Amino acid sequence: MILLEVRNLKVAFKSEKEEFIAIDDVSFSIDKRETVALIGESGSGKSITSLSMLGLLPRNGQVIGGHVFYEDKDLLLLDQKELQQIRGKKISMIFQDASISLNPSMKIGKQITEGLAYHRMMNREELKCEALRLLTKVGFHKPTEVFNQYPGQLSGGMKQRALIAMAISCNPQLIIADEPTTALDVTTQKQILDLMNDYKQTTGTSILFITHDFGLVAEYADRVIVMFGGKIVETADVFTLFKNPVHPYTKGLMNSIPKIEEPRDHLLTIRDAVSEEAAYEGRIFAPETFSADEKVYHSPSTLIEVEPGHHVRFFTESPEVSNI
Ligand code: ADP
Ligand code: MG
């Protein structure tokens, strides 16, 4: 059953001189109890996709097309006040950088109870009790101590746990986790992702898991959306995608699963991934020419179903069938 559906999302950044299309023709849905991974290299449009869903775009960004359907509403048509009723309560977000998301001058306990106080009718005692319960749930052995600490007194992993406690405080239906563990060491990363996964298993919450790491996708996601240059280039359930990746960009990402001990100094580009001859059953992935900055395909392209539930973006000569 579908919980949320993004349809034909298009986002632009405007400056005085030009308009840059950051997201184009992005459509996907998230089912109840499902973990959907949004994967792509840095700058592919993952964060902007999720921020636009909740009305959190930077000031120079603007949604110029599309819909985000949730509970019979189009979130893109709601005003900030209506969105506030949904953000944090029904859909919550966990960002990569806990030090930005947490207020450094406010104790952890107060930050956790703020969301609860806003969305749920609780008195002070109940709020504290609930915050301690949440801190215990996310793995703190001394919740009272953490309750009274400031973010600066916690390690990176502990801060991320505190953020998860905040994110789950109102029993959300969807958690958007934007690279939630990228700043953490491998062991802590696994603990945090296991924690989120356990929470999902016991509550039935859906997760939109944003990452650039295919290794994590295999372990935690049900379905995968691969993004490049603001567009979806391939999407399928996790088993199908790993068994039969079609787009060269997907294959490139899979082959370049980052290893902590050998960081890459070079980000994969579409030119690395798509050679001019690359084709699949007679269809080509990209035209021979690329845009000057190589960020966006300027060519007409469209998603084609290559097997049930498995869609791949191909170049198309005919503008009429592009961007369906
Ligand atoms: P990802 O999360 O996949 O790393 P983003 O969604 O942050 O990528 O960015 C998508 C595109 O939008 C990039 O080309 C990026 O440069 C552009 N972008 C992001 N934020 C801004 C901004 N505030 N102003 C202008 N362009 C932006
Ligand atoms: Mg991002």
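Our structure is the block above this text.
Okay, so let's go over this structure. (Residues numbered from 1 in each chain as written. Chains lettered and ligands numbered in written order. Predicted model: local features only at pLDDT ≥ 70, side-chain atom pairs only at ≥ 80, totals over all residues. Heavy atoms only, no water.)

A closer look at the sheet that holds strand 8 (residues 206-211)
Right, on to step 1. Taken in spatial order, the eight strands line up as 6-7-8-3-9-10-14-13 in an open sheet, and their pairing is mixed. Strands with a single pairing partner mark the edges of an open sheet, and in this sheet they are strand 6 (91-94) and strand 13 (301-307). Strand-to-strand twist in this sheet, taken as the mean axis angle between neighbours without regard to direction, amounts to 20 degrees.
Right, on to step 2. As paired elements, strand 3 (residues 35-39) and strand 9 (residues 223-228) share four bridges and run parallel to each other. (Pairing = 2+ DSSP bridges. Helix = DSSP H or I, 4+ residues; strand = E, 2+ residues; numbered from the N terminus. Axes fitted to C-alpha atoms, helices over the stretch in contact; angles between N-to-C directions.)

With respect to the pairing of strand 7 (residues 174-178)
Right, on to step 1. With respect to burial, strand 7 is a largely interior element, five of its five residues being buried.
Right, on to step 2. Covered by surrounding structure in strand 7 are Leu174, Ile176 and Asp178 together with Ile175 and Ala177, the residues of both alternating faces.
Right, on to step 3. Bridge analysis of strand 6 against strand 7 gives four bridges, and the strand direction is parallel. Residue pairing in the sheet places Ile94 in a bridge with Ala177 of strand 7.
Right, on to step 4. Across five bridges, the pairing between strand 7 and strand 8 is parallel. (Buried < 20%, exposed > 50% of the residue type's maximum accessible area, 1.4 Å probe, protein only.)

Description of the site of ligand 1
Right, on to step 1. Around ligand 1 sit 13 residues, and of these Gly43, Lys46, Ser47, Ile48 and Asn60 come closest.
Right, on to step 2. Here an oxygen atom of ligand 1 and a backbone polar atom of Gly43 are 2.7 Å apart.
Right, on to step 3. Gly45 is positioned such that a nitrogen or oxygen atom in its backbone is 3.0 Å from an oxygen atom of ligand 1.
Right, on to step 4. Relative to its unbound accessible area of 560 Å², ligand 1 is 71% covered by the protein chains.
Right, on to step 5. Put simply, the parts of the chain that give the shell around ligand 1 at least two residues each are strand 2 (19-31) and helix 1 (46-53).
Right, on to step 6. Per element, the largest residue contribution to the shell around ligand 1 is three residues, and it comes from helix 1.
Right, on to step 7. Classifying every residue of the shell around ligand 1 gives five nonpolar, six polar and two charged. (Near = heavy atom within 4 Å. Polar contact = N/O pair within 3.5 Å; in protein donor to acceptor, adjacent residues only side chain to side chain. Areas by Shrake-Rupley, 256 points an atom, 1.4 Å probe, with all protein chains shown as cover. Nonpolar A, V, L, I, M, F, W, Y, C, P; charged D, E, K, R; others polar.)

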